[in-house]
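What follows is the residue order along each chain.
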Amino acid sequence: MGEKVLIKGVEAIAESAIRAGCRMFFGYPITPQNETPEYMSRRLPQVEGIFLQAESEIAAINMVMGASAAGARVMTTTSSPGFSLMMEGMSYLVGMELPCVVANVVRGGPGLGNIAPAQSDYFQATKGGGHGDYKTIVFGPSTVQELVELTYHSFDLADKYRNPVVLLTDGALGQMMEPVIFPEMRKLNTLPEKPWALTGALNREKNIIMSFEMDPKILENINWELQKKFQKISEDEVKYEEYATDDAEFVIVAYGTIGRIAKSTVKALREENIPVGLIRPISLWPFPYGVITQLVPQVEAFMVVEMSAGQMVEDVRLAVGDRRPVFFYGRPGGMVPSPRDITEKVKQCLSMLLS
Amino acid sequence: MKPVYLRPQSMEDRITHYCPGCHHGIIHRLIGEVIDELGIRGKTIGVAPIGCSVFIYAYFKLDFVVTPHGRAPAAATGIKRSLPSDRIVFTYQGDGDLASIGLAEIIHAANRGENITSIFVNNANYGMTGGQLAPTTLLGQITTTSPYGRKIAVDGYPFHIAELMSNFKGVAYSGRFAVYDPKKIISARKAIKTAFKNQMEGKGFSIVELLSNCPINWRVSVSDSIKFVKENMEAEFPLGVFKGGE
Amino acid sequence: MSKLVIREEFCKACGICIEHCPPKVLGLSNRVNSKGYNSIELVDEEGCITCGFCYLVCPDLVIDVYKPEKKKGE
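Keep in mind that what you see is a predicted model, and the values were worked out from it rather than measured.

> Can you explain the interface of chain B and chain C? Please cite residues and give values.
Of the residues lining the interface, 31 residues belong to chain B; the matching set on chain C comes to 30 residues. Together, the buried faces of chain B and chain C total about 2700 Å²; carbon and sulfur atoms form 65% of this surface. Notably, a salt bridge pairs Asp 13 of chain B with Arg 7 of chain C, separated by 2.0 Å at the nearest N-O pair. Remark: the boundary between chain B and chain C carries 14 residue pairs in polar contact (both at pLDDT 80 or more).

> Mind laying out the packing of helix α3 (residues 57-69) of chain A against helix α2 (residues 72-82) of chain B, listing which residues take part and the relevant values?
The interhelical angle for the contact between α3 of chain A and α2 of chain B, taken along N-to-C directions, is 45°, at an axis separation of 6 Å. Here α3 of chain A is positioned oblique relative to α2 of chain B, judged by the angle of their axes. Classified by chirality, the crossing of α2 of chain B by α3 of chain A is right-handed. Where α3 of chain A approaches α2 of chain B, its residues Ala 59, Asn 62, Met 63, Gly 66 and Ala 67 of chain A are matched on the opposing element by Ala 74, Ala 75, Thr 77, Gly 78, Ile 79 and Ser 82 of chain B. Residues belonging to the contact of α3 of chain A with α2 of chain B are distributed by class as follows: 6 nonpolar, 5 polar and no charged.

> Let's hear about the side chain of Asn 104 of chain A: which residues, and what values?
Residues and elements named next belong to chain A. Residue position: Asn 104 is located in strand β5 (residues 100-106). Judged by relative accessible area, which is 0%, Asn 104 ranks as buried. Here the side chain of Asn 104 touches Asp 121 through a polar contact of 2.9 Å, side chain to side chain. The contacts of Asn 104, once residues within four sequence positions are left out, are Thr 78, Ser 79, Ser 80, Phe 83, Asp 121, Leu 167, Leu 168 and Thr 169.

> Help me get a handle on the environment of Lys 263 of chain A, residues and values and all.
All names here are of chain A. Topologically, Lys 263 is positioned in helix α10 (residues 256-271). On a C-alpha basis, the gap between Lys 263 and Tyr 243 in space is 7.6 Å, while along the polypeptide they are 20 residues apart. For Lys 263, the contacting residues outside a window of four places in its chain are Glu 241, Tyr 243 and Leu 278.

> Would you mind going over the interface of chain A and chain B in detail, with residue names and values included?
By a frequent convention, interface size equals the accessible area lost on bringing the separate parts together. Facing the 34 residues of chain A at the interface are 35 residues of chain B. Between chain A and chain B, roughly 2500 Å² of surface is buried when both sides are summed, and carbon and sulfur atoms account for 65% of that area. Seen at the junction of chain A and chain B, the total is 3 salt bridges. Of the charged contacts in the structure, one is a salt bridge between Glu 12 of chain B and Lys 206 of chain A, with a shortest N-O distance of 2.9 Å. Where chain A touches chain B, the interface holds 14 residue pairs in polar contact (both at pLDDT 80 or more). Residue assignment for the side of chain A that touches chain B shows that the elements contributing at least two residues are β2 (24-27), β3 (50-53), α3, α5 (87-95) and β9 (208-209) of chain A. Ranked by residues supplied to the side of chain A that touches chain B, first place goes to α3 of chain A with 8 residues. Taken together, the residues of the side of chain A that touches chain B break down into 23 nonpolar, 6 polar and 5 charged.

> Tell me about a nonpolar patch on the surface, and please be specific about residues and values.
Residues Ile 218, Leu 219 and Ile 222 of chain A make up a contiguous nonpolar surface patch of roughly 200 Å² in combined accessible area. Here Ile 218 of chain A is to be found in helix α9 (residues 216-236).

> Before we move on, can you summarise the pattern of salt bridges with the specific residues and values?
In this structure the tally under the stated criterion is 42 salt bridges over all chains. With its nearest N and O atoms 2.7 Å apart, the salt bridge here joins Arg 270 of chain A to Asp 247 of chain A. With Arg 270 of chain A in helix α10 and Asp 247 of chain A in the loop between β10 (240-243) and β11 (250-253), the pair connects residues that are 23 residues apart, well separated along the chain. In this structure Arg 270 of chain A comes out as partly exposed when scored by relative accessible area, which is 23%. Overall, Asp 247 of chain A belongs to the partly exposed group, its relative accessible area being 45%. Note that Asp 86 of chain B is salt-bridged to Arg 87 of chain B, the shortest N-O span being 3.0 Å.

> Describe the confidence of the model for chain C, listing the residues and the values that go with them.
Confidence in the prediction of chain C, expressed as mean pLDDT, is 95, and 96% of residues score 70 or more. Two numbers describe this predicted complex: its pTM, 0.96, and its ipTM, 0.95.

> I'd like a rundown of the packing of aromatic side chains, residues and numbers included.
Within this structure, the stated rule accounts for 12 aromatic pairs over all chains. Following the ring pairs from residue to residue traces out a cluster consisting of Phe 60, Phe 64, Phe 90 and Phe 196 of chain B. In this arrangement the basic side chain of Arg 162 of chain A is found over the ring face of Trp 196 of chain A, its NZ or CZ atom lying 4.3 Å from the centre. Lying over the aromatic face of Phe 10 of chain C, Arg 7 of chain C brings its terminal NZ or CZ to 3.6 Å of the ring centre.

> Before we move on, could you go through the domain arrangement of chain A and cite the residues and values that matter?
Residues and elements named next belong to chain A. Taken domain by domain, chain A comprises domain 1 (5-236) and domain 2 (242-354). The C-alpha-based centres of domain 1 and domain 2 are spaced at 29 Å. Between domain 1 and domain 2, the residue contacts involve 33 residues of the former and 27 residues of the latter. Together, the buried faces of domain 1 and domain 2 total about 2300 Å²; carbon and sulfur atoms form 53% of this surface. Among the residues of domain 1 in contact with domain 2, Gln 119, Tyr 122 and Phe 123 are the three that bury the most area, contributing 31% of the side total. Inspection of the domain 1/domain 2 interface yields 3 salt bridges. Along the contact surface separating domain 1 from domain 2 lie 16 residue pairs in polar contact (both at pLDDT 80 or more). Elements with a contribution of two residues or more to the side of domain 1 that touches domain 2: α6 (122-128), β6 (137-139), α7 (144-161), β7 (164-170), α8 (171-175) and α9. Here the side of domain 1 that touches domain 2 takes 4 residues from α6, the largest share from any one element.

> Could you give an account of the pairing of strand β2 (residues 44-48) of chain B, with specific residues and numbers?
Residue and element names in this part refer to chain B. A large share of β2 lies buried, amounting to 5 of its 5 residues. Side chains of β2 alternate between two faces, with Thr 44, Gly 46 and Ala 48 and Ile 45 and Val 47 buried alike. The sheet contact formed by β2 and strand β4 (residues 88-94) spans 4 bridges and is parallel. When the sheet's bridge partners are listed, Thr 44 is paired in β4 with Ile 88.

What counts and how
- Position numbers for residues start from 1 in each chain and track the written sequence from start to end.
- A letter from A marks each chain and a number from 1 marks each ligand, given out in the order of writing.
- Residue-level local features of this predicted model are given only where pLDDT is at least 70; pairs of side-chain atoms are given and counted only at 80 or more, and the full residue set underlies all totals for whole chains, interfaces and linings.
- Only hydrogens and water are removed before side-chain values are computed, so all heavy atoms of the structure are retained for them.
- For this analysis, residues touch if any pair of their heavy atoms sits within 4.5 Å.
- As a working definition, buried area equals the accessible area (1.4 Å probe) given up by two parts on being put together, with both sides summed.
- Salt bridges are defined by distance alone: a side-chain nitrogen of Lys or Arg within 4 Å of a carboxyl oxygen of Asp or Glu.
- Between N or O atoms, a polar contact is any pair within 3.5 Å; within protein, one atom must be a potential hydrogen donor and the other a potential acceptor, and residues adjacent in sequence are included only when both atoms are from side chains.
- Think of each axis as a best-fit line through the C-alpha atoms, taken over the contacting stretch in the case of a helix, with angles from 0 to 180 degrees between the N-to-C directions.
- A run of H or I in DSSP counts as a helix once it spans at least four residues, and a run of E counts as a strand once it spans at least two, with each numbered from the N terminus.
- Geometric relationships in this document are graded by angle, where less than 35 degrees denotes roughly parallel, more than 145 denotes roughly antiparallel, 65 to 115 denotes roughly perpendicular, and other angles denote oblique.
- Left-handed describes a crossing in which the near helix is turned anticlockwise from the far one by less than a right angle; the clockwise case is right-handed.
- For this classification, the nonpolar set comprises Ala, Val, Leu, Ile, Met, Phe, Trp, Tyr, Cys and Pro, the charged set comprises Asp, Glu, Lys and Arg, and every other residue, Gly included, is treated as polar.
- Three exposure classes are used, based on accessible area relative to the maximum for each residue type with a 1.4 Å probe and protein chains only: buried under 20%, partly exposed in between, and exposed over 50%.
- For patch detection, residues must exceed 30% relative accessible area and be free of salt bridges, and they are connected within 9 Å for like charges or within 5 Å for nonpolar side chains (Val, Leu, Ile, Met, Phe, Trp, Tyr).
- Method for areas: the Shrake-Rupley scheme with a 1.4 Å probe, in which residue coverage is limited to the protein chains shown.
- The score called pLDDT rates the predictor's confidence residue by residue, from a low of 0 to a high of 100.
- Ring pairs shown here join Phe, Tyr and Trp side chains whose ring centres sit within 6.5 Å, with only the six-membered ring taken for Trp; geometry is labelled stacked below 30 degrees between planes, edge-to-face above 60, and tilted in between.
- In this analysis the charged atom, NZ for Lys or CZ for Arg, is taken to sit over a ring once it is within 6 Å of the ring centre and within 35 degrees of the ring normal.
- Boundary definitions for the domains trace back to an automatic or database domain assignment.
- In this analysis, strands are considered paired if DSSP registers two or more bridges between them.

Laid out in C-alpha cells, this is it:
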C-alpha cells in the first residue's frame with residue numbers, strides 16, 4: 001500500500017496514468033485542466049516517457065491515434081471546447097479499434113462558456129459527439145481517489161476492448177486537492193501484447209489500421225461487430241454506487257461532483273428521518289439502467305440533479321419510464337448547487353407528492 | 001536476359017484504382033524503389049491521407065494507418081515518437097490534405113523538426129471529390145468550385161509549400177520535383193531517397209513536393225495533362241531544392 | 001524471352017510510354033484486358049534499346065525491362 005499523497009485532481013489523473021503504464025501524452029492548454037499536461041511534462045521524462053504539447057486539440061487526438069496505432073498506452077486530457085475539437089478523432093479511434101484514455105474536465109458552456117465546473121458534456125461523451133454509431137466507455141468519478149482508480153482501470157479497459165475510454169470530470173474535482181493512495185507502478189513488461197500494432201512488417205503480414213470501408217455490406221458487418229463489443233461492455237462494465245436505498249422512498253440520481261454533494265444531502269435528510277436514497281452512476285456509459293429500474297416498485301419518485309440543463313435525466317427517464325415521476329434539478333453555466341439547495345428541492349418535490 | 005528495371009519488392013502486385021496516366025502511380029513506385037534500395041521495408045510505417053491516395057495502404061507491403069483528412073503529420077508524430085528510433089515513418093498527402101485542412105499539422109511537424117518523411121503530391125485540385133479548387137490551384141485555372149477560373153481577389157494565390165517549408169529551422173530537406181518525363185522521374189527518385197535517408201540519419205523533417213497531373217478532373221487528355229504540368233504548373237511552381245543537400 | 005515483360009491486365013492504355021519511347025517501338029495492341037483497355041505491346045522487338053523509359057514513365061507497373069546478356073566476345 002503506497003502512502004497517502006495530497007494532490008489535485010488534474011495532477012492525480014497524470015500520476016495514475018503513469019502508474020498504469022502510460023508513457024505517452026499529447027495535450028493542449030485549456031483551463032481547467034492545464035496542470036495535467038504540466039505535470040506530464042515534468043513527470044514523463046522521469047520515466048522515459050514522451051510528452052508533447054500539440055498545436056491544437058485536433059492535432060493532439062491524432063497524435064494519440066498514431067501512438068496508439070503503434071501500440072503505446074497513451075492519453076490526452078482536455079476541457080469541453082477542446083473535447084469538441086476531438087470528436088472526429090474519437091469516431092475514428094473507435095472505428096480503428098484503437099485503445100486510449102481521454103479525460104474531459106468539463107467547464108461551463110455552451111460556446112466559450114467559462115471555466116467553472118459543469119456536467120453539460122454528458123450527451124457528447126455518452127451518446128457520442130462524433131459521427132457514426134460509436135460508443136466509448138465513460139466514467140464519472142466523484143472523489144480524487146476514485147478518479148485515480150478509474151484512470152488506472154481505464155487503461156486496462158481500453159486495451160481489453162480496443163476502444164477509447166473517457167474520464168468525464170469537472171473543474172471542481174479537477175482543481176480539488178485530496179489525500180489519495182496511488183496504485184503501484186505497473187511494470188511495462190506486463191502490459192498486454194499488441195500484435196495488431198504498427199511496428200514495421202518485419203517477418204509478418206502487414207498490419208493496416210483504418211476505419212475505411214467502401215463496401216456498405218462489409219461496413220454494416222463491421223458495425224454489427226462493434227455493436228457486439230458495446231453490448232459486451234454494457235453487460236460487464238457497469239459501475240455505480242447505491243447509498244441508503246434499501247428503504248428509500250425517494251431516490252436522487254446524480255454523478256461526479258454532484259453525486260458527492262447529493263450524498264451529503266441524503267445524510268442530512270436521513271437525520272430528519274426522510275427516507276431518501278442515492279444512486280450514483282460511476283460508469284456513465286454503460287449507464288446503470290438496471291439498478292434504477294429495480295428500485296421503481298419501492299420508490300415514490302426520483303430526482304436527477306445535474307450541473308447542466310438536463311442530460312443524464314433522459315437516461316433516468318429511460319430506466320423509469322412513466323411508472324414514477326422523475327424530477328429534475330439542474331444548474332447549468334458553471335453553478336454548483338450546495339447540499340442545502342438540493343435538500344430544499346427534495347422537500348419541494350416531496351410536498352408536491354403528498355399534495 | 002539481365003533485368004534492367006523490375007517492379008519494387010515492397011509493392012503489392014495489384015492494379016491500382018488511380019485514373020489512367022495519373023502520376024500517383026509513378027510516385028508510389030519511386031517510394032517502393034527507395035524502400036527496397038534502403039532495405040527498410042520491415043521497419044517502415046506509412047501514414048495515408050484522405051483523398052485519391054487514401055488507398056495507398058493497399059499498394060505497399062508495409063504497415064499503414066489511414067488517418068483523418070489533414071492529420072497525417074500529427075499521427076506520424078505519435079507513431080514516430082512511440083516506436084524505437086530505427087523505425088521509419090512517412091506520410092503521403094495530396095494538396096487538399098496537406099496545404100488546406102492540414103496546414104497547421106504539416107507546419108508544426110516541420111517546425112518541430114519531426115524526424116519523418118513527408119511526400120506531398122500537388123495536382124492543383126481535390127481529385128477524389130471531383131476536381132474542386134485547392135490551395136495550389138493555379139490562377140485562372142477552372143475547377144468545379146472556381147468555374148470562372150481562380151481569381152486572386154476571391155481565392156488568393158497558389159500555395160508554395162516547398163518554399164514555405166524551407167523557412168523552418170527544423171526542416172532538413174525541402175524540394176519540389178515532377179515526374180512527367182524520365183529525367184524528372186530520376187531526379188524525383190533521388191530526392192525521395194534523400195528524404196528517407198535523412199530520416200534514417202535522424203536529420204529531422206524532410207518533405208518532397210511532387211507536381212502531378214490529374215487528367216480526369218482537369219478534363220484533358222493524359223498527354224495534355226503532362227503538358228499542363230510541364231508548362232503551366234512548373235511556371236507557377238519552380239522545381240528545385242529549397243533546403244538541404246543532395 | 002522478350003526484352004519487355006508486359007502485364008497486360010495492369011495497363012490502362014494511358015499512352016504515356018508510347019509517347020516517351022525514344023525508338024517509338026510501343027503501341028496499343030488489339031487485345032482488350034478485363035478492365036476494357038487495349039494494353040500496350042512491343043511492336044518492334046529489335047528496335048527496343050532497353051532504355052527503360054517505358055518502365056520509368058508507366059504509372060501502373062505494367063512493364064519489366066530486360067537486357068540481353070552480352071556474350072563474352074561481343
